[in-house]
Amino acid sequence: MFIVDCDCHNYWTSATVLEPYLSGVWKDMFIHGEKTGPVGAFPHGHRPWFHPHGFSRKDVKPVTEDDNYAIMKERHLDPNKIDVAILTGDEPMEASTLANPYYASALVSAYNDYQIEHWLSKDSRFMGSIVIAPQDPHQAAKEIRRLGQHPRMAQVLASHGSVKPYGDPFYHPIYEACAEVGLPLAIHLGGQGGVNWNAIAPAPTTFFWETHAILHMPAISHLASMIAHGVFEKYPELFFVVIECGVAWVPSVLWRLDQDYKALRKETPWLKMLPSEYARRNIRFSTQPLERPDNLQHLSSILEAMDGKNTLLFASDYPHWDYDDINSLHLPPDWKPNIFGLNALEVYKRIPRPGAAKAA
């Protein structure tokens, strides 16, 4: 079975690895400026809660920079027979929390160059993500065009924490650039802090476990906004990938969107289809973290209601604490070829086709 991991986090031991890729005032700020943490921390506006035990698996303990790849290969890529791993970084997405959009843009650009030189070169299974700072859409679009023709870049990636819902016309320069270079846009859990002050409605929560359980709330807003503002009418070939936000909420939200659109459609005359039809055509969801009810039949009904066989993409979230083992996902056996790989081939056009990879 061809396996594509759509959320594989490539770590660093220290963010100082970005120094060679920064210049001028941004390098000076990065080296000498204040950070949320000691030397080696990545600048970001921190969220209001802390994980009580740390985000990474306890069997993943890199000491050197080279350890990060070596452990990933040993603990995840090889034993799980991963054919393609789409790298999603980790801290760089948190640049979206910074009030200074110019500094944020310089940081993600430095990360993208570091990713190409230090990660994509290590393993032919890796595909990259162009991380952007969405608070400056025009600079984000410039970054997409700068790297958008790189054959190993699979997608454009932003945090799901943002200053506005992503359908807002403020962000449309990003989608124009994605359409121009032929890459999907993905949003990933993160960016809940700094200027993204309302990442959890109606206000910040108290405990991490309650927060983690409802972190799909921004994804709901983004999905509704992308559809309502007509992003998929304007850019009909654009795929929008929602990563690490769960999936059990999807059918009920689409049911409500369809119901209200039918009654109030005159507000958005540019829409030509039901919201659920746009979702089926243009939106995909990562499996991780896949909900695990006591009665697995309930999960099966939800996945069937969202056409999960064709809308889900396998994601491990390696090496985080809630990592999904590929062998423990409760999915119908006849769905697995689609979810583990074939659906990704539809979304990520630059992934080499399985036959072509073997021939090479």
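Calculation criteria
- Residues numbered from 1 in each chain as written.
- Predicted model: local features only at pLDDT ≥ 70, side-chain atom pairs only at ≥ 80, totals over all residues.
- Heavy atoms only, no water.
- Salt bridge = Lys/Arg side-chain N within 4 Å of Asp/Glu carboxyl O.
- Helix = DSSP H or I, 4+ residues; strand = E, 2+ residues; numbered from the N terminus.
- Buried < 20%, exposed > 50% of the residue type's maximum accessible area, 1.4 Å probe, protein only.
- Phe/Tyr/Trp six-rings, centres within 6.5 Å; stacked < 30°, edge-to-face > 60°.
- Lys NZ or Arg CZ within 6 Å of the ring centre and 35° of its normal.
- Pairing = 2+ DSSP bridges.
- Right-handed = clockwise from strand over helix to strand, strands pointing away.

A word on the pattern of salt bridges
Now for step 1: Tallied over the entire structure, the rule returns 13 salt bridges.
Now for step 2: Ionic pairing is found between Arg75 and Asp59, a salt bridge with its closest N-O pair at 3.6 Å. Placement of Arg75 in helix α2 (residues 65–77) and of Asp59 in the loop between α1 (24–32) and α2 is noted, with a sequence separation of 16 residues between them.
Now for step 3: Overall, the relative accessible area of 32% leaves Arg75 in the partly exposed class.
Now for step 4: Overlapping salt bridges bring together Arg57, Asp59, Glu74 and Arg75 as one network.

Examining the packing of aromatic side chains
Now for step 1: The full count for this structure, using the stated rule, is 15 aromatic pairs.
Now for step 2: Pairing Tyr166 with Tyr171 gives two aromatic rings, centres 4.8 Å apart and planes at 65 degrees, and the pair type is edge-to-face.
Now for step 3: Residue Tyr166 is classed as buried on the basis of its relative accessible area, which comes to 2%.
Now for step 4: A relative accessible area of 1% places Tyr171 in the buried class.
Now for step 5: Linked through ring pairs, Trp12, Tyr21, Phe42, Tyr111 and Tyr114 together constitute an aromatic cluster.
Now for step 6: Over the ring of Phe30 we find Lys35; its NZ or CZ atom is 5.5 Å from the centre of that ring.

Thoughts on the pairing of strand β5 (residues 185–188)
Now for step 1: On β5, burial covers both faces: Leu185 and Ile187 on one face and Ala186 and His188 on the other are all buried.
Now for step 2: The sheet contact formed by strand β4 (residues 153–159) and β5 spans 4 bridges and is parallel. For Ser159, the partnering residue across the bridge sits in β5 and is His188.

Notes on unusual backbone geometry
Now for step 1: In this chain, Gln288 is followed by Pro289 through a cis amide linkage whose omega measures 0 degrees.
Now for step 2: Here Pro289 shows up in the loop between β7 (283–286) and α11 (296–305).
Now for step 3: In this model, Lys81 sits at a positive phi of 55 degrees, which is unusual for a non-glycine residue.
Now for step 4: By the element assignment, Lys81 lies in the loop between α2 and β2 (84–87).
Now for step 5: Of note in the backbone geometry, Glu244 takes a positive phi value of approximately 65 degrees without being a glycine.
Now for step 6: Tracing the backbone shows Glu244 in the loop between β6 (240–243) and α9 (250–264).
Now for step 7: Look at Glu244 and you get buried, because its relative accessible area is 6%.

With respect to the pairing of strand β3 (residues 126–131)
Now for step 1: The buried count for β3 comes to 6 of 6 residues, which makes it a mostly enclosed element.
Now for step 2: Burial along β3 is two-sided: the residues Phe126, Gly128 and Ile130 and Met127, Ser129 and Val131 are all buried.
Now for step 3: Of the strand pairs in this sheet, β2 and β3 are connected by 2 bridges, and their pairing is parallel. Within β3, the residue paired with Ile86 across the bridge is Met127.
Now for step 4: Alignment of β3 against β4, held across 4 bridges, turns out to be parallel. Bridging from a neighbouring strand, Gly128 pairs with Met153 of β4.
Now for step 5: For the crossover that starts at β3, traverses helix α4 (residues 137–147) and ends in the parallel β4, the hand is right-handed.

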